[in-house]
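Below are the chains, spelled out letter by letter.
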Amino acid sequence: MIYENVSLKKYNTFGLNVKADRLVTFKHEENAIHFFEQNKGIDQKLMVLGGGSNLLFTGDYHGTLIRPEMEGITLEGKTGNDVIVSAGAGVIWDKLVESTVNKGIGGLENLSYIPGLVGAVPVQNIGAYGAEASKTIGKVRAINVTDGTVREFTPEECKFGYRDSIFKGELKGKYLITRVYFRLSTKPKLSLEYGSLKDELNKMGSTSLGNVRKTVINSRIAKLPDPQLIGNAGSFFKNPVVTPSVAEKIKSNYPRAPLFSDPSGGIKIAAGWLIEQCGWKGKRFGDAGVHDKQALVIVNYGNATGLELFELSEKIRISVAEKFGITLEREVEVI
Ligand code: EPU
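Residues numbered from 1 in each chain as written. Predicted model: local features only at pLDDT ≥ 70, side-chain atom pairs only at ≥ 80, totals over all residues. Heavy atoms only, no water.

Asker: For this particular structure, what's the right way to read the domain arrangement of the protein chain?
Answerer: One widely used convention gives an interface's size as the accessible area the parts lose upon coming together. Domain parsing of the protein chain yields domain 1 (2–68), domain 2 (73–185) and domain 3 (231–334). Using C-alpha coordinates to define each centre, domain 2 is positioned 27 Å away from domain 3. Each side of the interface is counted separately: domain 2 has five residues, and domain 3 has five residues. Between domain 2 and domain 3 the total buried area reaches about 490 Å² when both faces are included, carbon and sulfur atoms providing 33% of it. Here domain 2 and domain 3 share two salt bridges between them. Between Glu331 and Arg163 there is a salt bridge, with the nearest N and O atoms lying 3.4 Å from each other. Put simply, domain 2 and domain 3 have four residue pairs in polar contact (both at pLDDT 80 or more) between them. (Domains from an automatic or database assignment. Contact = heavy atoms within 4.5 Å. Buried area = accessible area lost by both parts, 1.4 Å probe. Salt bridge = Lys/Arg side-chain N within 4 Å of Asp/Glu carboxyl O. Polar contact = N/O pair within 3.5 Å; in protein donor to acceptor, adjacent residues only side chain to side chain.)

Asker: Can you help me understand the site of the ligand in this one?
Answerer: Looking at the ligand, there are 24 residues lining it, with Tyr129, Tyr162, Tyr194, Glu276 and Ala295 nearest. A distance of 2.8 Å separates an oxygen atom of the ligand from a polar side-chain atom of Tyr194. Taking Ser235, its main chain carries an N or O atom lying 2.8 Å from an oxygen atom of the ligand. For the ligand, whose unbound accessible area comes to 820 Å², protein coverage reaches 82%. Counting residues per element, the ones that place at least two in the shell around the ligand are strand S8 (127–128), helix H6 (209–223), strand S13 (231–235) and helix H8 (271–277). Top element by residues in the shell around the ligand is H8. It accounts for three residues. Built from parts of two domains, the shell around the ligand gets at least three residues from each of domain 2 (73–185) and domain 3 (231–334). (Near = heavy atom within 4 Å. Areas by Shrake-Rupley, 256 points an atom, 1.4 Å probe, with all protein chains shown as cover. Helix = DSSP H or I, 4+ residues; strand = E, 2+ residues; numbered from the N terminus.)

Asker: I'm lost on the sheet that holds strand S16 (residues 267–269) in this one. Help?
Answerer: Within a sheet, neighbouring strands are paired by backbone hydrogen bonds and run either parallel or antiparallel to one another. As summarised here, the arrangement of the three strands in space is S14-S16-S15, forming an open sheet in which the pairing is antiparallel. The outermost strands of the open sheet, each flanked by one partner alone, are strand S14 (241–242) and strand S15 (259–261). Pairing of S15 with S16, which is carried by three bridges, proceeds in the antiparallel orientation. Following the sheet pairing, Ser261 is matched in S16 by Ile267. (Pairing = 2+ DSSP bridges.)

Asker: Would you mind going over the pairing of strand S12 (residues 175–185) with me for this structure?
Answerer: Walk down a regular strand and you will see the side chains alternate between the two sheet faces. Counted residue by residue, S12 has ten buried out of eleven residues, so it is predominantly covered. Two elements, strand S10 (residues 137–144) and S12, share seven bridges in a ladder whose sense is antiparallel. Across the sheet, Ile137 pairs through a bridge with Phe182, a residue of S12. (Buried < 20%, exposed > 50% of the residue type's maximum accessible area, 1.4 Å probe, protein only.)

Written out as structure tokens, the structure reads:
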């Protein structure tokens, strides 16, 4: 379907009422291939829009937005305990998590209740509660938007990093992901080391997949605002990784600072804590604000503009840099 001069209010979780010149949606891969073949060589501004849960529009979008709406969750194969499940790019992520957990298939449970669509999962390499999507992704199927050719990416080719992949880097804007294949298990090794996950689960009596999912959902609901009620895009910034000497200095001034060792050899600091120390938590300026239960989340209480939210985020960034000498990097993409 092609829509002209369309409002994006329901297509971005900040709830911003901006417009796009054109929105093109595809329910089937063949239609998308056909569209890109037809448009070959035409110089136009294209951007893929998923669930819009990681975007901040600072104004109207003058170009064409592409939205994949491919449906379907398929059990592709099973060998012993190993299971391959694929999902169309337009499947709501949490519907996939729910469906696998309900079938006793593990691997995605810690990633419960994250807003967005399956197609965005490899782009952003979503993560939560000690798990990252990249650990379960077996293959990503995508169409080259410049000529309509199909390519399947191995996990290595996806170049996954912390909230990062090749689709955000060198191939940004070049591919439309149509289907993602996940390597899951009917006998998963549960990952319960994050925060108080284990303690919360012990209270529930058993560490079943369903209970892990419930615990994660409860924790998310307690800390993160529901985008249906209050516009937001989850964490606005990434957690920065600093050198051990910078971390040491912070520790000596703030013995309770949340510091975690990072595989890179550096020390990860909770950005939410840095922002809270700068006094932003729960602050509100008109309809733009900082969530009162998690300072890493910038919220739109109703009628804030994208520019107001962006300006607030920049003030936060400057104050963290001034107080701690650490420059926060955005997780949310500003358009
Ligand atoms: N903290 C504060 N003040 C705050 C927020 C956090 O002191 O306002 C402290 C907490 O007390 C805790 C530590 O910071 O000691 C970590 O907080 P939390 O467990 O909430 O996790 P996070 O590092 O702030 C990350 C992800 C979230 C994910 C949670 C849970 C990033 C950028 N964010 O947040 O992901 O849900 O862990 O695993 O890595 C998202 O990406 O949109 C997102 C919500």
